Amino acid sequence: MTSEERRRKEAYLARKRRRKRRRTIQIIKRAAIVGFGIFLIVFGITRIFHKDAAPNEVQAKKEAPKTVKTEKEEEKGFQQKVIAQTPEFKVDLLTPNPYSRPQTVLEEVKGIVVHYTANPGTTAAQNRSYFESLKDTQKTKASSHFVVGIEGEVIQCIPSTEMSYASNDRNVDTLSIECCHKDETGQFTQETYDSLVELTAWLCGKFNLPVEDVIRHYDVTGKECPIYYVKNEDAWTRFKEDVQKYLDTYGTEPEE
């Protein structure tokens, strides 16, 4: 074999080796691409199954206690403490009549309204008698569920299931308490104050009312009633604090 033939043969073999290497590289690249594609497909399927199974399970475990707690709270709602001992008061109901005891049923009690009689020096019995007289005089419509006297005596004039004529637009969903006083200032005696605190706290417990739902006639219409608590906001705040303190001291949790 001549040198020229040998050179051509070596060049041919070299080209053959290069083509083989390129094919090998191409095969490796294709295999790598196919393998990576398969990996992505498998990974995606695994993620889908994992998302469908595990996260919901974990989420349920995390959220379940919160859901149960919320349902219980919504079911239970606000629970005022209850005063077991009924305060001492005389039940002397008015005669049913259109002017002071219409016998309109209270569907719900949403508040307690405090008033003053604006008639200095009169007793609880005298104010009750005035309400009773309206069935005959027919001068106006007026009454109250309770009247607290200067000596702390309490008279119930209207059942707590019926409406009284005391608080204008709030007659339909509140209980009213008229309070006697000695002079024009409208300030209550200590005996009146103590009975009012006790009676108000007992009613809050009986009708499951927060102390925030104890209001003045003034808060309904702007009328200066009870005048002492309109002119002395701090005294009104202290009164409500004393009602809350009475509930905290003598109240018990309601039975389930």
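Residues numbered from 1 in each chain as written. Predicted model: local features only at pLDDT ≥ 70, side-chain atom pairs only at ≥ 80, totals over all residues. Heavy atoms only, no water.

Novice: Hey, could you go over the overall build of the chain for me, with residue numbers and the actual values?
Specialist: A tally of helices and strands in the chain yields six helices and six strands. Relative to its full complement of 256 residues, the chain shows a buried share of 35%. Considering only contacts in the chain between residues 6 or more positions apart, those separated by 24 or more positions represent 76%. By element, 52% of the accessible surface of the chain is carried by carbon and sulfur atoms, the whole surface being about 16,400 Å². (Helix = DSSP H or I, 4+ residues; strand = E, 2+ residues; numbered from the N terminus. Buried < 20%, exposed > 50% of the residue type's maximum accessible area, 1.4 Å probe, protein only. Contact = heavy atoms within 4.5 Å. Areas by Shrake-Rupley, 256 points an atom, 1.4 Å probe, with all protein chains shown as cover.)

Novice: Pulling in residues and values, what's your account of the packing of aromatic side chains?
Specialist: The geometry of an aromatic ring pair is captured by the separation of the ring centres together with the interplanar angle, meaning the angle of the planes. Within the structure shown, the criterion is met by 10 aromatic pairs. A centroid spacing of 5.5 Å and a plane angle of 80° characterise the contact between Phe-188 and Tyr-229, whose relative ring orientation is edge-to-face. Here Phe-188 is found in the loop between β5 (174-179) and α3 (190-206), whereas its partner Tyr-229 is found in helix α5 (residues 227-231), with 41 residues between them in sequence. As far as burial versus exposure is concerned, Phe-188 and Tyr-229 are alike and both buried. (Phe/Tyr/Trp six-rings, centres within 6.5 Å; stacked < 30°, edge-to-face > 60°.)

Novice: Explain the sheet that holds strand β3 (residues 146-148) to me, using residue names and the numbers behind them.
Specialist: The strands making up a sheet are joined through hydrogen bonds of the backbone, oriented either antiparallel or parallel. Pairing is mixed in the open sheet, where six strands are placed in the order β1-β4-β3-β5-β2-β6. Every interior strand has two partners, whereas the edge strands, β1 (90-91) and β6 (214-216), have only one. Where strand β2 (residues 111-116) meets β6, three bridges bridge the pair, whose relative direction is parallel. Looking at β6, one finds that Val-114 is bridged to Arg-216. This element, α3, spans β2, β3, β4 (154-156), β5 and β6 of the sheet and lies at about 170° to β5. On top of the sheet, helix α6 (residues 233-250) reaches β2 and β6; it is set at about 155° to β6, its chief contact. (Pairing = 2+ DSSP bridges. Axes fitted to C-alpha atoms, helices over the stretch in contact; angles between N-to-C directions.)

Novice: Talk me through unusual backbone geometry; I want residue IDs and the actual numbers.
Specialist: Omega for the bond connecting Cys-225 with Pro-226 falls within 30 degrees of zero, at -10°, which places this linkage in the cis form. Despite not being glycine, Gln-103 has its phi angle at roughly 60°, a positive value. By secondary structure assignment, the location of Gln-103 is in the loop between β1 and β2. Its identity is not glycine, yet Asn-168 carries a phi of approximately 55°, on the positive side. Inspection of the secondary structure puts Asn-168 in the loop between β4 and β5.

Novice: Describe in detail the nonpolar core, supporting the description with residues and values.
Specialist: Ile-177, Leu-199, Leu-203, Tyr-229 and Phe-239 are the most contacted members of the largest nonpolar core, which has 35 residues in total. Breaking this core down by element, the ones donating at least two residues are β2, β3, β5, α3, α5 and α6. The element best represented in this core is α3, accounting for eight residues. In this structure, Leu-199 is in contact with Pro-87, Phe-146, Val-148, Val-154 and Ile-177, ignoring residues within four places of it in sequence. (Core = buried A, V, L, I, M, F, W, Y, C linked by side-chain atoms within 4.5 Å.)

Novice: Can you break down the environment of Cys-179 residue by residue, with the values?
Specialist: Along the chain, Cys-179 turns up in strand β5. In this structure, the C-alpha to C-alpha distance between Cys-179 and Leu-196, residues 17 residues apart in sequence, is 8.0 Å. Residue contacts for Cys-179: discarding those within four places in its chain leaves Val-114, His-115, Tyr-116, Thr-117, Val-148, Phe-188, Thr-192 and Leu-196.

Novice: Describe the pairing of β5, with residues and values.
Specialist: Walk down a regular strand and you will see the side chains alternate between the two sheet faces. Of all six residues in β5, six are buried; the element is thus mostly enclosed. The two faces of β5 match: Thr-174, Ser-176 and Glu-178 on one face and Leu-175, Ile-177 and Cys-179 on the other face are all buried. When β2 meets β5, the two strands line up parallel, connected through six bridges. What sits directly across from Val-114, in β5, is Ile-177. Summarising the sheet, β3 and β5 pair through three bridges and their orientation is parallel. Note that in β5 the partner of Val-148 across the bridge is Cys-179.

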